[in-house]
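# Examining the three-dimensional arrangement
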Amino acid sequence: MTVSINLDGKTALVAGGSSGIGLGIAQKLKQAGAVVHITGTRASSSDYNESDLNGLIFHSLDVADTNAVKAFADSFESLDILVSSVGIVAYGGAEYEIETFRKVIDVNLNGVMHLCTCFRGLLEGNEQREGTIVLVGSTSSFIATPGQPAYSASKGALLTLTKSLAQAWARKGIRVNGIAPGFVKTKLTQRSWEDKEVYKASSARIPLKRWGEAEEMGNAALFLASPMSSYVTGQMLLVDGGITLM
């Protein structure tokens, strides 16, 4: 028997849904019938030539801009599903510099918290409906990423933020969960997975012996955003092919 998830009549927002994992999630929510809004940092949807944004409602937004986030939330009349897939990372040891550390934390943690608090009122449920939040963490929510202390700290904090908000807002009719992706094929990671030697070496560390797809992250987020997970809250679901088992 095939069980499908139906989100007809639901409105969803995927912050950071213009590319990569966020786009994979947005497309799955759209396929399930939701009206899906997405955000990105570029000026318009036409600036994302590499992404298929058809059927998605695009908004330009910097989640680190607290005034912009508040004004953006105020423009919504209703919301059923909030997904935060925003995040930045710095390479080459730059995250050990305090200004870069602050910038990464401000986007990856403070920006996510501000999104959640600004949209909380719209997400509050009742006997007829519930609101759901899905935060996109990382395997770095559980284990350290070498050379990236800010990214690791921010994603680690999302694990406990998920639990804290779930505990606080359950009585408001809001479920809060997260997914923690491992290696995923996206535009951001293209240089790595297209390099045969890098891909082979990294895949050898994964029990399932391959990288994940953005669509697979979308499937996990769709489950957590839907009534299929109606008795699940405060959980960060590892979607990593088993790499954290090694």
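For the structure given in this document, a descriptive report is provided here. What you are looking at is a predicted structure, and each value in this text was computed from that prediction instead of being measured.

## Some words on the nonpolar core
- Counting 30 residues, the largest nonpolar core has Leu82, Cys116, Phe119 and Ile133 as its most contacted members.
- For this core, the secondary structure elements donating two or more residues are β1 (11–15), α2 (66–74), α3 (98–123), β5 (131–136), α4 (149–169) and β6 (174–181).
- Broken down by element, the residue count for this core peaks at seven residues, all from α3.
- Residues contacting Ile133, with those up to four places away along its chain left out, are Leu82, Cys116, Leu123, Trp169, Ile174, Arg175, Val176 and Asn177.

## Here we look at the packing of helix α1 (residues 20–31) against helix α7 (residues 214–225)
- Close contact between α1 and α7 brings their axes to 7 Å; oriented N to C, the two are set at 55°. Relative to α7, α1 is oriented oblique. Our pair here, α1 against α7, has a crossing hand that is right-handed. Touching Gly20, Ile21, Gly24, Ile25, Lys28 and Leu29 of α1 are Ala214, Glu215, Met217, Gly218, Asn219, Ala221, Leu222 and Ala225, all from α7.
- Looking at side-chain class alone, the contact of α1 with α7 contains eight nonpolar, four polar and two charged residues.

## Observations concerning the sheet that holds strand β9 (residues 236–239)
- With parallel pairing, the seven strands of this open sheet are ordered in space as β3-β2-β1-β4-β5-β6-β9. Each edge of the sheet is formed by a strand with only one pairing partner; in this case those strands are β3 (57–60) and β9. Strand-to-strand, the axes of this sheet are offset by a mean angle of 20°, without reference to chain direction.
- In this structure, β6 lies alongside β9, joined through four bridges in parallel fashion. Following the sheet pairing, Pro181 is matched in β9 by Val239.
- Along the sheet face, α3 touches β1, β4 (81–84), β5 and β6 and points at about 175° away from the line of β4.
- Sheet strands touched by α4: β5, β6 and β9. Its angle to β6, the strand with the most contacts, is close to 165°.

Calculation rules
- Residues numbered from 1 in each chain as written.
- Predicted model: local features only at pLDDT ≥ 70, side-chain atom pairs only at ≥ 80, totals over all residues.
- Heavy atoms only, no water.
- Core = buried A, V, L, I, M, F, W, Y, C linked by side-chain atoms within 4.5 Å.
- Buried < 20%, exposed > 50% of the residue type's maximum accessible area, 1.4 Å probe, protein only.
- Helix = DSSP H or I, 4+ residues; strand = E, 2+ residues; numbered from the N terminus.
- Contact = heavy atoms within 4.5 Å.
- Axes fitted to C-alpha atoms, helices over the stretch in contact; angles between N-to-C directions.
- Parallel < 35°, antiparallel > 145°, perpendicular 65-115°, else oblique.
- Left-handed = near helix turned anticlockwise from the far one by under 90°.
- Nonpolar A, V, L, I, M, F, W, Y, C, P; charged D, E, K, R; others polar.
- Pairing = 2+ DSSP bridges.

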